[in-house]
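Each chain, written out:
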Amino acid sequence: MSRRVVVVGAGIAGSAAAFAAARAGAEVVVVHDRAGASALCSGALDLEAWDTDASGEVAARAQRALTDAELAAFLTALGAHRLGGTAPNGVIATASGVVRPACAADRALLDLAPLAGRRVAVADIERDDWDASLLAKAFGASAWAEHTGTTFTPVFVRLLRTGYERRIAPYDFAELHDDPARGAALADALNAAAPDVDAWLVGPWLGIQPDTVAAIRARARVPLGETTSLLAGAAGARFERARDRLFTELGVEVRRGRVGRVAARDASWALELAPDSDGAPGELAASAVVLATGGVGAGGIVFTWRLPGVVRGFELPFAAPVTLALDGESLGGGGSLYGPSLETKGLGALERVGIACDALGRPVGKNAAQMGLFVAGDAVAGRPRTMLGAALAGLASGNVAAGG
Ligand SMILES: Cc1cc2nc3c(=O)[nH]c(=O)nc-3n(C[C@H](O)[C@H](O)[C@H](O)COP(=O)(O)OP(=O)(O)OC[C@H]3O[C@@H](n4cnc5c(N)ncnc54)[C@H](O)[C@@H]3O)c2cc1C
């Protein structure tokens, strides 16, 4: 009989764990409720925080990630991302005017690397959240543009059909272009606006369906792609759709709900789900459990104070036989009375706190009762908060959880 692996969380770590466990032959159930960091993502997929690349060491590690066959297989199966670009990394433009490398990216983002030395038009449209002139100036002044001789020029394009389109949410504006006629009109408008440019850089507007961008590109005369998305924009929406499609293809059972308790029961695990809308609590049994519940940003770890003025500290919002840690120090099972001081630890503590684990994602203090419990992604203490770091941890834990 195959093992039953329950993955808690459907961000990139939980998705990778489900992918690996399903491919290893396990019966997989994913439980998740609200959007986590992956569903809010920018579209850039890094292994290490990209802005720590002072020594070149990060680029070397990034290159290793690109050669990880299982990571490549996972991203290919998701079908919404490209690994790298022209070696060693792709180069992307962010929504805040920065040009930077990325190990991997949402396919809709423009890979600038092959456009080095060319003329890139930045679509100037009347959206309140988009300033093409300022962005073009910032991209053009970047070290990469100056080094490669690449130019960025704002070019007016009439894309908005109604006055309210200038201020609807970025998600809603992107969704308009999933309509094939509207997507085609976007490509036609770009073709007509500046026939002699080498590429078009647009905002995160190319649909919330992962396949929309290919249809628009097929009609455009030159390479065309997005900047990164701001929080809760098109890139995160496309990740969620690609993930849901992958779960269906893999035969993964998906339960929407909040896990309130994970407890060892004999040689297996029992998970309690918070009561659903009908008031009925659920229960799931598992041979192994992967906790991919995210960090503070996603609500997978919370900072609470229960008495007025008395900080209680970091807590997991569900019960499980694991310990939270910050900078190698255990924070105790249920949070100490005063908790760590953010004044001394700094706000970066919010990104370092997590479940104490060994290198294989097994909770520290593991004993016989904890066999078969794994942690992956932002839920792990002291790991870089990145999409590819989370995916690699998910793949590793999914494989081991399925193997027994
Ligand atoms: C503002 C911001 C910008 C970022 N920029 C980048 C970037 O440019 N490049 C990069 O590589 N990374 C970036 N990151 C980091 C990256 O997004 C995260 O490292 C990654 O998404 C973590 O994935 P995860 O699967 O571990 O967690 P998440 O994606 O947060 O997923 C957690 C999941 O757990 C579920 N969950 C939690 N508790 C429960 C429960 N009790 N019951 C059921 N389900 C539960 C949630 O519903 C969710 O599905 C950024 C993060 C933020 C917040």
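What counts as what
- Residues numbered from 1 in each chain as written.
- Predicted model: local features only at pLDDT ≥ 70, side-chain atom pairs only at ≥ 80, totals over all residues.
- Heavy atoms only, no water.
- Helix = DSSP H or I, 4+ residues; strand = E, 2+ residues; numbered from the N terminus.
- Contact = heavy atoms within 4.5 Å.
- Areas by Shrake-Rupley, 256 points an atom, 1.4 Å probe, with all protein chains shown as cover.
- Axes fitted to C-alpha atoms, helices over the stretch in contact; angles between N-to-C directions.
- Parallel < 35°, antiparallel > 145°, perpendicular 65-115°, else oblique.
- Nonpolar A, V, L, I, M, F, W, Y, C, P; charged D, E, K, R; others polar.
- Pairing = 2+ DSSP bridges.
- Buried < 20%, exposed > 50% of the residue type's maximum accessible area, 1.4 Å probe, protein only.
- Right-handed = clockwise from strand over helix to strand, strands pointing away.
- Near = heavy atom within 4 Å.
- Polar contact = N/O pair within 3.5 Å; in protein donor to acceptor, adjacent residues only side chain to side chain.
- Arc of directions from axis to C-beta.
- Phe/Tyr/Trp six-rings, centres within 6.5 Å; stacked < 30°, edge-to-face > 60°.

*Asks:* Is there a simple way to explain the overall build of the protein chain in this structure?
*Replies:* For the protein chain, the helix and strand inventory stands at 12 helices and 22 strands. If you take every contact in the protein chain between residues at least 6 apart in sequence, the share linking residues at least 24 apart comes to 67%. Within the structure as shown, the protein chain displays about 17,400 Å² of accessible surface, and the carbon and sulfur contribution to it stands at 54%.

*Asks:* Whenever I open this one, the packing of helix α3 (residues 69–78) against helix α12 (residues 387–403) confuses me. Can you help?
*Replies:* Two measures define how a pair of helices packs: the angle their axes make with one another and the distance between the axes. The contact between α3 and α12 brings their axes to 10 Å, and the two run at 105 degrees. Looking at the two axes, α3 sits roughly perpendicular to α12. Residues E70, L71, F74 and L75 of α3 lie in contact with α12, whose contacting residues are L388, A391, L392, L395 and N399. In the contact of α3 with α12, the residues fall into seven nonpolar, one polar and one charged.

*Asks:* Just to check I follow, could you spell out the sheet that holds strand β7 (residues 104–106) for this structure?
*Replies:* One open sheet accounts for three strands, arranged β3-β7-β4; its pairing is antiparallel. Every other strand in the sheet has two partners, leaving β3 (44–45) and β4 (81–83) as the edge strands with one partner each. As paired strands, β3 and β7 are joined by two bridges and run antiparallel to one another. Residue L45 lies in a different strand from β7, and its bridge partner there is A104. Contacts between α3 and the sheet are confined to β3, β4 and β7, with β4 contributing the most and set at about 155 degrees to the helix.

*Asks:* Can you walk me through the pairing of strand β2 (residues 27–32) in this structure?
*Replies:* Working note: regular strand, side chains alternate between the two faces of the sheet. The element β2 is largely enclosed, with a buried count of five among its six residues. Judged from the five bridges that link them, strand β1 (residues 4–8) and β2 form a sheet pairing that is parallel. Bridge pairing links V6 to V29 in β2. For the crossover that starts at β1, traverses helix α1 (residues 12–23) and ends in the parallel β2, the hand is right-handed. Taken together, the four bridges between β2 and strand β12 (residues 253–256) define a ladder with parallel strand orientation. Bridged to H32 within β12 is R256.

*Asks:* What is the right way to read the sheet that holds strand β14 (residues 268–273) from this model?
*Replies:* Where strands meet in a sheet, backbone hydrogen bonds hold them as pairs that are either parallel or antiparallel. Across the sheet, which stays open at both edges, the three strands sit in the order β13-β14-β15 with antiparallel pairing between neighbours. In the strand order of this sheet, the two ends are held by β13 (259–265) and β15 (282–286), each with one partner. Within this sheet the neighbouring strands show an average axis-to-axis angle of 20 degrees, counted without direction. Where β13 meets β14, six bridges bridge the pair, whose relative direction is antiparallel. When the sheet's bridge partners are listed, A263 is paired in β14 with A270.

*Asks:* Just checking my understanding: could you explain the pairing of strand β16 (residues 288–291) for this structure?
*Replies:* Burial of the side chains of β16 extends over both faces: A288 and V290 are buried on one face and V289 and L291 on the other. With four bridges joining them, β1 and β16 adopt parallel strand pairing. Residue V7 lies in a different strand from β16, and its bridge partner there is V290. Examined bridge by bridge, β16 and strand β22 (residues 373–375) share three bridges and lie parallel to one another. If you follow V289 over to β22, its bridge partner there is L373.

*Asks:* In this structure, what is going on with the site of the ligand? I would like to understand it.
*Replies:* Surveying the vicinity of the ligand reveals 33 residues, the closest of which are R34, A37, S38, D46 and D378. Between the ligand and S38, the relevant distance is 2.5 Å, taken from an oxygen atom to a side-chain nitrogen or oxygen of the residue. Interatomic distance of 3.4 Å between a backbone N/O atom of A292 and an oxygen atom of the ligand. Considered on its own, the ligand offers 1,000 Å² of accessible surface; in the complex 86% of this is hidden by protein. Of all the elements in the fold, those that place two or more residues in the shell around the ligand are α1, β2, β3 and α12. Here the residues of the shell around the ligand are counted per class, giving 15 nonpolar, 11 polar and seven charged.

*Asks:* In this structure, what is going on with unusual backbone geometry? I would like to understand it.
*Replies:* Negative phi characterises most residues that are not glycine, and trans characterises most peptide bonds. Unlike most non-glycine residues, A232 shows phi in positive territory, near 60 degrees. Its place among the elements puts A232 in the loop between β11 (224–226) and α9 (234–250). Of note, D266 is a non-glycine position whose phi angle comes to about 50 degrees, a positive value. Its location among the elements puts D266 in the loop between β13 and β14.

*Asks:* Help me understand helix α4 (residues 132–140), please; the structure alone is not making it clear to me.
*Replies:* Owing to its 3.6 residues per turn, the α-helix aligns residues three or four sequence positions apart on the same side. For α4, the set of buried residues is A132, L135, A136 and F139. In a view along the axis of α4, the buried residues occupy a sector of 100 degrees, so they form one face of it. Exposed residues pointing more than 90 degrees away from the buried face of α4 are listed as L134 and K137. If you follow the buried residues of α4, they end up packed against β5 (90–93), β6 (99–102), β8 (119–124), α5 (143–148), β9 (151–156) and β10 (199–202).

*Asks:* Can you help me understand the packing of aromatic side chains in this one?
*Replies:* Geometry of an aromatic ring pair is reported as the spacing of the ring centres plus the angle between the planes. Here the structure, examined in full by the defined rule, presents five aromatic pairs. Note on W130 and W205: the rings are 4.9 Å apart at their centroids and 70 degrees apart in plane angle, and the pair reads as edge-to-face. Of the two residues, W130 is situated in the loop between β8 and α4 and W205 in the loop between β10 and α8 (212–219); the sequence distance between them amounts to 75 residues. Like W205, W130 is buried. Among the aromatic residues, those joined into a cluster by ring pairs are W130, F173 and W205.

*Asks:* Help me out: how do you make sense of the packing of α3 against α9 in this one?
*Replies:* Between α3 and α9, the least distance of the axes is 8 Å, while the angle of their chain directions is 100 degrees. By the angle between their directions, the pair α3 and α9 is classed as roughly perpendicular. Taking contact as the criterion, the partners of F74, A77 and L78 in α3 are, on α9, F239, A242, R243, R245, L246 and E249.

Function cannot be read off these values alone, since they describe shape.
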